Every structure is written in C-alpha cells, then in structure tokens.
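The primary structure of each chain is shown beneath.
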Amino acid sequence: MPLVNSKKMFEQAYKNGYAIGAFNVNNMEIVQGITEACKEENAPVILQVSKGARAYANHTYLVKLVEAAVKECPEIPIVLHLDHGPDFETCKACIDGGFTSVMIDGSHLPFEENIALTKKVVDYAHERGVTVEGELGTLAGIEDEVVVESGKESYTKPEEVIEFVERTGVDSLAIAIGTSHGAYKFTPAQCTVNEEGVLVPPPLRFDILEEVSKKLPGFPIVLHGSSSVPQEYVKMVNENGGKMPNAIGVPEAQLRDAAKLSVCKINIDSDLRLAMTGTVRKFFNEHPDKFDPREYLKPARANIKEIVRHKLRNVLGCAGKADECK
Ligand SMILES: [Zn+2]
C-alpha cells in the first residue's frame, strides 16, 4: 500500500487504547531496523524526519529510503511525517515533496501567532490530503535544533486547547506534561532515589493529560521526548569508552498508561540512538582490527530492530494492529 496520512491510525489507536510509534529516521540502517520490526510485528508506523535529518541526509535520500521501505513492507501502513516543522516554508516543501503528515511547531510563539501559523499550514496541508500536528506548551531538552533550557519549559494549559484546536483545525496536538527531549530528561536533583540507589524521575502530569482529554474527547494527543533511555544501553556505552553519566528517561510503564488514554502518537528517538551507539562502541572495543562499516552497522541495525519490537509490543501496544489501521 502507498504512504498514508495519520487519520485512520489515530482513530483506531484512540478507540482501542494504543499509540502509534513515531521513530526518527536519518539513514538506511535506521529505516530498515524500524520497518523490519514493524513488518514482523504487523504494526502501523510513523517514520519521522526532523529539520536536522533533512540537513544531514538530504530530503530526496530520506524520501527514497522511506519509499523503499514502503515497497519492502507492502502489508503495513506507513506515514512519512515532518518532525518539528519550524516554519510554513519547510512544511510546504515536505508536503510538496511527498510527506503525508507534518508537524508545525509554533510552541515558542505567543498563542495568537501559534494559531495563525498553524492554521496556514493546516489550510495548505488539508487541501492535499496531508495531516497536521501542532504543539501547545514547551518541552525541555534538546532535539536537533530545538533547544529549550531547563526551567524555560512550560506545561500545556488545558484551558487553551479547545480554542487552539477549533481555530487551527489541526488533526493532533503535542502537549507538554513532563516529557523532555534527549537522553538527559531529568537532572538527579529532580529525581528521587529508590531502595537500589537508582534514580526515579518525577511522574508525568497525568492530571493535565486527563484535563485536556476531557475538553477534547476523541482528539488524538501526541507525546514528544518519550524515550525511556534503557540503562542496559547506557551501560554498554559507558563500558565501551563512552561517557553518559546520569542519562535518564521516561519510565515505560507511564508511557503504556498514556497510550491507553488519549495519547495516539509517541515519539521515540534517543532510545534508538543509544541502541545504535552502544552496539557500535561495543563492536569497536571488541574488534579493534575491523574496519568494514557493514560489520558494525549490521549488529547496530539488528539492535534497533529489537528495541523497536519491544516498544511495539510492550509500550505502544500497536503490535498486530496494522490491518485495522489500513
Ligand atoms: Zn519533539
């Protein structure tokens, strides 16, 4: 089947209590690792491209890699989505260039300007069958070129969501409830320490999510910055020459709970980066004589596939749901 927009996926995800995984893609091995897992697990998927990915790999290469995945995985629905579209021109370029979904991130703008910009993108996108994600509230952390200092983040205000959604016509909304971009989501000072001496991050603000859902029944909510930063990969990085002290993410159980509610799209990027980097570091450490990129990218791709499989089955709940999303 050809690329699809996110409409049917979100309807089904909302109705049936799961979320679609949105994974960032930057090169061939990442595209293959993700889509091979989704194909084997019969899961719908969103492949998303950031401004940084377009700068790194070039728009055409990324679109062609995703088109190759569509051809190799004809039985699962795949969305090609722009992550954090910074302006109308970038969104337009992606819509004209084959994307089936875009995000316009006006969250840093004053409310009225965010509405005006988002509506402009929605009008252009909807005429072309492309779905649009907006954002209200600001997440902390770093994602490619989106940098928000800790302390400058702000939770989504539930009283603003109805007006924003009605006036813009967006198809989904990213909200800030305590998730954060990157592999250092919380400082040790923000965490408590459990009996085993492990840092426990502050819980997500489910009260805000519930309040938003009550105001917008049936409307799909998106969570950004939702990697869990698996400690086995942090350990693998650190044991093989890396240095990632206190890397910490969102507990998977909380994401599973969010997916059962109105959250229909969960963005996961850092976990795949960690799996890839940990695997490559370990390979180099164990095989200092090797220099064929295929030899270290092959296990890296395999571990991306396994972490995606784990997310589909145990966090998102969308394994086996491809058919109902077509
Ligand atoms: Zn994001």
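Report on the accompanying structure. For every chain, the first residue of its written sequence is number 1, and the numbers climb from 1 along that sequence. Reporting of local features is limited, given that this is a predicted model, to residues whose pLDDT is at least 70; pairs of side-chain atoms are given and counted only at 80 or more, and all residues count toward the totals for whole chains, interfaces and linings.

### A look at the nonpolar core
Within soluble globular proteins, side chains that are nonpolar generally end up buried alongside one another.
Okay, so step 1: Note on terminology: a nonpolar core is any set of buried Ala, Val, Leu, Ile, Met, Phe, Trp, Tyr and Cys residues joined through C-beta atoms within 7 Å. Any residue whose C-beta has 12 or fewer other C-beta atoms within 10 Å is treated as exposed, any with 20 or more as buried, and any in between as partly exposed, C-beta atoms being built from the backbone. Membership of the largest hydrophobic core comes to 94 residues, with the highest contact counts inside it found for Ala19, Ile20, Ile34, Leu47 and Val102.
Okay, so step 2: Residues are treated as contacting if the C-beta atoms built from their backbones sit within 7 Å of each other. Apart from the residues lying within four places of it in its own chain, the contact partners of Val102 are His81, Leu82, Gly85, Cys91, Cys94, Ile95, Val121, Ala125, Val130 and Val132.

### Things to note about the pairing of strand 5 (residues 131–136)
Okay, so step 1: What counts as a helix is a DSSP run of H or I of at least four residues, what counts as a strand is a run of E of at least two, and both are numbered from the N terminus. Among the six residues in strand 5, six count as buried, and that is most of the element.
Okay, so step 2: By the alternation rule, side chains of strand 5 split into Thr131, Glu133 and Glu135 and Val132, Gly134 and Leu136, which are all buried.
Okay, so step 3: Any two strands with at least two DSSP-identified bridges between them are counted as paired. Relative to strand 5, strand 4 (residues 101–104) runs parallel, the two being bridged by three bridges. Among the inter-strand pairings, Val102 is bridged to a residue of strand 5, identified as Val132.
Okay, so step 4: For crossovers, right-handed means that the path from the first strand over the helix to the second runs clockwise, given strands pointing away from the viewer. Since strand 4 and strand 5 lie parallel, the crossover through helix 6 (residues 111–126) that links them has a hand, and here it is right-handed.
Okay, so step 5: Relative to strand 8 (residues 172–175), strand 5 is paired through four bridges, and the arrangement is parallel. Looking across to strand 8, one finds that Leu136 is bridged to Ile175.

### Here's the deal with helix 9 (residues 231–239)
Okay, so step 1: Considered for burial, the residues of helix 9 that qualify are Tyr233, Val234, Met236 and Val237. One side of helix 9 carries all its buried residues, which in axial view fall inside an arc of 160°. Away from its buried face, by an angle of more than 90 degrees, helix 9 presents the exposed residues Glu232 and Glu239.
Okay, so step 2: Turning to helix 9, the residues buried within the fold contact helix 11 (270–286).
Okay, so step 3: Where helix 9 ends, the next residue or the one after it, Gly241, has phi of about 95°, a positive value. The directions from the helix axis to the C-beta atoms form the arc being described.

### Some points on helix 1 (residues 7–16)
Okay, so step 1: When we look at burial in helix 1, the residues that qualify are Met9, Phe10, Gln12, Ala13 and Tyr14.
Okay, so step 2: Along its buried surface, helix 1 packs onto strand 1 (20–24), strand 3 (78–85), strand 8 and strand 13 (263–268).
Okay, so step 3: Looking one or two residues past helix 1, Gly17 carries a phi angle of roughly 70°, positive in sign.

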